[in-house]
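Observations on chain architecture
Each chain is listed here by its residues.
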Amino acid sequence: TYEQYASSYNYDEIDGDLIIPSTVTYSDKTYTVASIGNDAFTNCPMRSVTIPSTVTSIGKGAFTMCTMLTNVTIPNNVTKMGDGAFYYCYNLRSISISDNITSIGEVTFMYCDRLHTVTFGKGITSIHETAFSGVSSLRNVIWNAEHCPNSYTLPENVTNVTFGDSVKHIPASLCCGLRISSVTI
């Protein structure tokens, strides 16, 4: 199976950029890469990752402790991202979240200490209160969620918020307690 192949891969051979292919061949059979499994790349020394448009889900802890990872764009075909998917990726600087992801779970970006900019996709309806815990550098939020969750407050260090054209409602608690220097609507 492909899982046997993937589990035998030597991650020390990755030097910088990881490009996940849209298909893989194993034992003369071609498989479409449709998901990234739980803990698939934990502790992998990559600086960037390219996720193909064939991927629809990212498992729990898939990129946990990828401490050299700096930027990630999650393709629009991704509809599910597991808890802790990017936990402790402390060099992660920016992330763009797919328009089709509706929920950001527990500790998804916890301790991504250098995360500076997050772009939320249109589909976000729920964000767990610990999703961005320990993210002290987050300053810029681009909020495209059409129906912002009423129970979520952005981390206190956010200073710049941009609301996209698709936003239909901005909940009262979203920016509560922030020292905002710039809001763009």
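Here's a quick rundown of the structure. For clarity, every value in this text was computed on a predicted model and none was experimentally measured.

This paragraph deals with the overall build of the protein. A tally of regular secondary structure across the protein gives one helix and 15 strands. For the protein, the C-alpha radius of gyration of 17 Å lies close to 16 Å, the compact-globule estimate for 185 residues. Its C-alpha atoms put the protein at 55 × 30 × 20 Å along the principal axes. Counting every position in the protein, which comprises 185 residues, the buried fraction comes to 43%. Here the contacts in the protein between residues at least 6 apart in sequence split such that 23% fall between residues at least 24 apart. Of the accessible surface of the protein, which amounts to about 9300 Å², a share of 46% is contributed by carbon and sulfur atoms.

Residues V161 and F163 line the buried face of strand β14 (residues 160-163), whereas the alternating positions N160 and T162 sit on a face that is not buried. Pairing geometry for strand β13 (residues 140-143) and β14, over four bridges, is parallel. Looking at the pairing, W143 lines up with F163 of β14. Of the strand pairs in this sheet, β14 and strand β15 (residues 182-184) are connected by three bridges, and their pairing is parallel. The partner of N160 across the bridge, within β15, is S182.

To continue, consider the environment of T79. Relative to the helices and strands, T79 resides in the loop between β7 (71-73) and β8 (80-81). Separated by 22 residues in sequence, T79 and S57 have C-alpha atoms that sit 6.0 Å apart. Those residues in contact with T79 that lie beyond four places of it in its chain are T56, N100, I101 and T102.

What follows deals with the environment of T73. Note that T73 resides in strand β7. The spacing of T73 and N38 is 35 residues in sequence and 19 Å in space, taken between C-alpha atoms.

Another point: the sheet that holds strand β6 (residues 57-58). Strand order in the open sheet made by the three strands is β4-β6-β8, with parallel pairing throughout. Each end of this open sheet is capped by a strand with a single partner; those strands are β4 (35-36) and β8. Bridging between β4 and β6 involves two bridges; their strand directions are parallel. The residue bridging S35 from the neighbouring strand is S57, located in β6.

With that out of the way, let us pick up the packing of aromatic side chains. For the coordinates displayed, the defined rule picks out ten aromatic pairs. Ring plane angle 40° and centroid distance 6.3 Å describe the contact between Y87 and Y88, whose orientation is recorded as tilted. Under the relative-accessibility criterion, Y87 is labelled partly exposed at 27%. In this structure Y88 comes out as partly exposed when scored by relative accessible area, which is 30%. On the basis of an interplanar angle of 70° and a centroid distance of 5.8 Å, the ring pair of F120 and F132 is categorised as edge-to-face. Of this pair, F120 sits in strand β11 (residues 117-120) while F132 sits in the loop between β12 (126-127) and β13, and the two are twelve residues apart along the sequence. According to the relative accessible area criterion, F120 is buried, its value standing at 1%. By relative accessible area, F132 is classed as buried at 5%.

Definitions and cut-offs
Residues numbered from 1 in each chain as written. Predicted model: local features only at pLDDT ≥ 70, side-chain atom pairs only at ≥ 80, totals over all residues. Heavy atoms only, no water. Helix = DSSP H or I, 4+ residues; strand = E, 2+ residues; numbered from the N terminus. Rg over C-alpha atoms; globule rule 2.2 N^0.38 Å. Buried < 20%, exposed > 50% of the residue type's maximum accessible area, 1.4 Å probe, protein only. Contact = heavy atoms within 4.5 Å. Areas by Shrake-Rupley, 256 points an atom, 1.4 Å probe, with all protein chains shown as cover. Pairing = 2+ DSSP bridges. Phe/Tyr/Trp six-rings, centres within 6.5 Å; stacked < 30°, edge-to-face > 60°.

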